[in-house]
Amino acid sequence: MVMRAAAKLAPLPVLSSTAAFQQVSLATATRSDNTEGTAASSSQQHQQGSQLQQQLQQGHMALEATVLLLESVLPSMCDAAVMARYGHSLKEGLGALLQQLLALRFRDPLLVTLHARALEAFSKYIIHASELLVPLLTTTFECMAAVPIEQSGQLPPPAKVTLRWKEEAMARLSMAKVMLNVAKEAPAAYQPHLEALAGRIQQLWDAGQLREGEKVALHEGLMAAVTVANARLQQQLLEWLLRPVHAKWSDPRWLATLDSPSAFASEYMQHEQPAQGSSVVIQSRPQRWTLHHELQLFERVLRRTPPPPPAAAQLDGQQHQQQYQTASQQQQQQQHPFTPHLEWALVPVTNIICCLHGLYR
């Protein structure tokens, strides 16, 4: 609270202090990420391992301190009134801070996760510097690629995952969510780039370089970006996002898997009869993984799709009946962007719920 108030009252001195602190902490984080061991005896390797771990922890703490500072001061500095008052000097200073972050590429997953938070802290700044949106999003895609995935992202995760796998998955997802969190603050900045972004996401998905959850987060970011667009653009984007699911969910063969709990179990919960004394192993993980994210996509796009604006102001009892009827007709003509998809989407969702209840009864 103190830092936030100081940033609003005296943004330029706070900006100078923040820049100095960030420079030192980023240098510490970068050194910790680039530290590598050398050939040595077992005892030396153990000692080196302890030293490397200590340096990496110092890097984590340094970058986290910068993130907390940025999250505290940037909302006040990026306030429209403050930006208008201090003008070019404040905008250029904040831009320099962001450029430092855009130049970073970490390999350690915890540093990547913190890096994503630092980039998100500049979400409100993009309102005033939309020219930096493309470099920011380019950085997020490159940072995701710096945390490689061992197999195609279209496949489900391994049955047993290590702590390292979880940390890397969280790092990649955090970077994917940067686009969403920036879009919530500065949706207008995205309008010239929507088609290119959609194409880039599709390219990464087709190449197996995105996981299901990352793709959903990026798609949610696109939906958040069109909240300020006209209804036609929202409908077009929604149609593109849901087209693969629509094709699958309209297939009679897939719909047959929802006819009964047993049919659902045959598709999504296949299992073999276990040997005596052994546990049952449930198969069909890829099918369940895909279905989970299809349902998640529905929830996310509905969350990010604004309802149509009211056709007219609320009418009081003294207004004429003709005015009321005209307003009602206009309201009926307006549709929520998701309305055209209700018929093919809600019936399967209802059947899935019925199948799950049937299995648990």
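Rules and cut-offs
- Numbering of residues starts from 1 in every chain and runs along the sequence as written.
- With pLDDT at 70 or above as the cut-off, local features in this predicted model cover only qualifying residues; side-chain atom pairs require 80 or more to be listed or tallied, and sums for whole chains, interfaces and linings still use all residues.
- Each side-chain value is worked out from all heavy atoms of the structure, with water and hydrogens disregarded.
- Put simply, DSSP H or I for four residues or longer makes a helix, DSSP E for two residues or longer makes a strand, and each gets a number counted from the N terminus.
- Between buried and exposed lies partly exposed: a residue is buried under 20% and exposed over 50% of the maximum accessible area for its type, with that area taken using a 1.4 Å probe on protein chains only.
- Here a residue-residue contact requires only that any non-hydrogen atoms of the pair lie within 4.5 Å.
- With residues, only the protein chains shown are counted as cover, and all accessible areas are computed by Shrake-Rupley using a 1.4 Å probe.
- One speaks of a salt bridge when a side-chain nitrogen belonging to Lys or Arg is within 4 Å of a carboxyl oxygen belonging to Asp or Glu.
- To form a nonpolar core, buried Ala, Val, Leu, Ile, Met, Phe, Trp, Tyr and Cys residues must be joined to one another through side-chain atoms within 4.5 Å.
- The span you would expect from a helix comes to 1.5 Å times its residue count less one.
- Here an axis means a line fitted to C-alpha atoms, over the contact stretch when the element is a helix, while the angle between two N-to-C directions is reported on a 0 to 180 degree scale.
- Handedness of a crossing follows from how the near helix is turned relative to the far one, being left-handed for an anticlockwise turn of less than a right angle and right-handed for a clockwise one.
- Each residue gets one label: Ala, Val, Leu, Ile, Met, Phe, Trp, Tyr, Cys and Pro are nonpolar, Asp, Glu, Lys and Arg are charged, and the others, such as Gly, are polar.
- Within 6.5 Å between ring centres, the rings of Phe, Tyr and Trp (the latter by its six-membered ring) count as paired, and their orientation is classed by plane angle as stacked under 30 degrees, edge-to-face over 60, tilted in between.
- Two distance rules govern patches: like charges are joined within 9 Å, and nonpolar side chains (Val, Leu, Ile, Met, Phe, Trp, Tyr) within 5 Å, applied only to residues with over 30% relative accessible area and no salt bridge.
- For cavity detection a 1 Å grid was placed over the protein atoms alone, and a set of points counts as a cavity when a 1.4 Å probe fits there but cannot get out; an open set counts as a pocket when protein lies on both sides within 12 Å along at least five of seven lines, with lining residues being those that have an atom within 4 Å of a point.
- Grid points are joined across faces, edges and corners, and a volume is the space filled by probe spheres set on the points.
- Confidence scores here are pLDDT values: one per residue, from the predictor, ranging 0 to 100.
- Directions pointing from the helix axis toward each C-beta atom define the arc.
- Disulfide: a pair of cysteine sulfur atoms within 2.5 Å of each other.

## Quick word on the overall build of the chain
Helix and strand counts for the chain come out as 16 helices and zero strands. When burial is assessed residue by residue, the chain has 39% of its 361 residues classed as buried. Here the contacts in the chain between residues at least 6 apart in sequence split such that 74% fall between residues at least 24 apart. Surface accessibility of the chain: about 19,900 Å² in total, with carbon and sulfur atoms responsible for 55%.

## Considering the side chain of arginine 300
Tracing the sequence through the fold places arginine 300 in helix H14 (residues 285–304). With residues up to four places along the chain from it excluded, the contact list for arginine 300 reads Val216 and Glu220.

## Digging into the pattern of salt bridges
Taken as a whole, this structure holds 13 salt bridges when the rule is applied. The shortest N-O distance in the salt bridge between arginine 303 and glutamate 220 comes to 3.7 Å. Taken together, the residues span a long stretch of sequence, with arginine 303 in helix H14 and glutamate 220 in helix H10 (residues 212–225) at a distance of 83 residues. For arginine 303, a relative accessible area of 45% translates into the label partly exposed. A residue is classified by how much of its surface remains accessible, and glutamate 220, at 2% relative accessible area, is buried. The residue arginine 300 makes a salt bridge to glutamate 299 at a minimum N-O spacing of 2.9 Å. Glutamate 299 sits in the partly exposed class, given a relative accessible area of 36%. What you see here is one network of salt bridges that share partners, running through Glu220, Glu299, Arg300, Arg303 and Arg304.

## Focus: the nonpolar core
Among the nonpolar cores identified, the biggest contains 88 residues, and Met77, Leu94, Leu98, Tyr125, Ile126 and Tyr190 are the most heavily contacted of them. If we ignore the near neighbours within four places in the chain, the residues touching tyrosine 125 are Cys78, Met83, Lys91, Leu94, Gly95, Leu98 and Leu132.

## A word on helix H7 (residues 133–145)
Helix length check: H7 (13 residues) gives 19 Å between terminal C-alpha atoms against 18 Å at 1.5 Å per residue, within 8%. Listed as buried for H7 are Leu133, Leu136, Leu137, Thr139, Thr140, Phe141, Cys143 and Met144. Buried residues along H7 sit against helix H4 (80–102), helix H5 (109–120), helix H6 (125–128), helix H8 (163–185), helix H9 (194–206) and H10.

## What to know about the environment of leucine 97
Mapped onto the elements, leucine 97 comes out in helix H4. Overall, the relative accessible area of 2% leaves leucine 97 in the buried class. Those residues in contact with leucine 97 that lie beyond four places of it in its chain are Leu15, Thr18, Ala19, Gln22, Leu70 and Phe122.

## Re the packing of helix H11 (residues 231–249) against helix H16 (residues 342–360)
Relative to each other, H11 and H16 sit at 60°, their axes nearing to 10 Å. The handedness of the crossing between H11 and H16 comes out as left-handed. Where H11 abuts H16, its residues Leu242, Val245, His246 and Trp249 lie against Trp344, Ala345, Pro348, Val349 and Ile352. Tallied by class, the residues present in the contact of H11 with H16 amount to eight nonpolar, one polar and no charged.

## Re the packing of aromatic side chains
Given two aromatic rings, one states the distance between the centres and the angle between the planes to describe the pair. Following the criterion strictly, the structure yields seven aromatic pairs and no others. Relative to phenylalanine 298, the ring of tryptophan 249 lies with its centre 5.0 Å away and its plane at 70°, an arrangement referred to as edge-to-face. With a gap of 49 residues between them, tryptophan 249 in helix H11 and phenylalanine 298 in helix H14 connect regions that are remote in the sequence. Among the residues examined, phenylalanine 298 registers a relative accessible area of 6% and is labelled buried.

## Looking at a nonpolar patch on the surface
Together, Met269, Ile282, Leu356, Leu359 and Tyr360 make up a nonpolar patch on the protein surface, roughly 470 Å² of accessible area in all. With respect to the helices and strands, methionine 269 occurs in the loop between helix H13 (261–268) and H14.

## Some points on empty space enclosed by the protein
Evaluation of the coordinates by the stated rule reveals one cavity of 30 Å³ or more. Around the largest cavity, the lining residues are Pro148, Ile149, Glu150, Trp165, Glu168, Ala169 and Arg211. Tallied by class, the residues present in the lining of the largest cavity amount to four nonpolar, no polar and three charged.

## Focus on the confidence of the model for the chain
Of the residues in the chain, 86% have a pLDDT of 70 or more, and the chain-wide mean is 86. Contacts of residues 37–41 to residues separated by more than four positions or lying in other chains number five contacts, the stretch itself having pLDDT below 50.

## A few points about H13
What H13 keeps buried is the set Phe264, Ala265 and Tyr268. The buried side chains of H13 occupy one side of the element, clustering within an arc of 100° when seen end-on.

## Describing the state of the cysteines
Counted according to the given criterion, the structure contains zero disulfides. Not engaged in a disulfide, the cysteine cysteine 355 finds its nearest cysteine sulfur in cysteine 354; these two sulfurs lie 7.0 Å apart. Taking the relative accessible area as the measure of exposure, cysteine 355 reaches 2% and is therefore buried.

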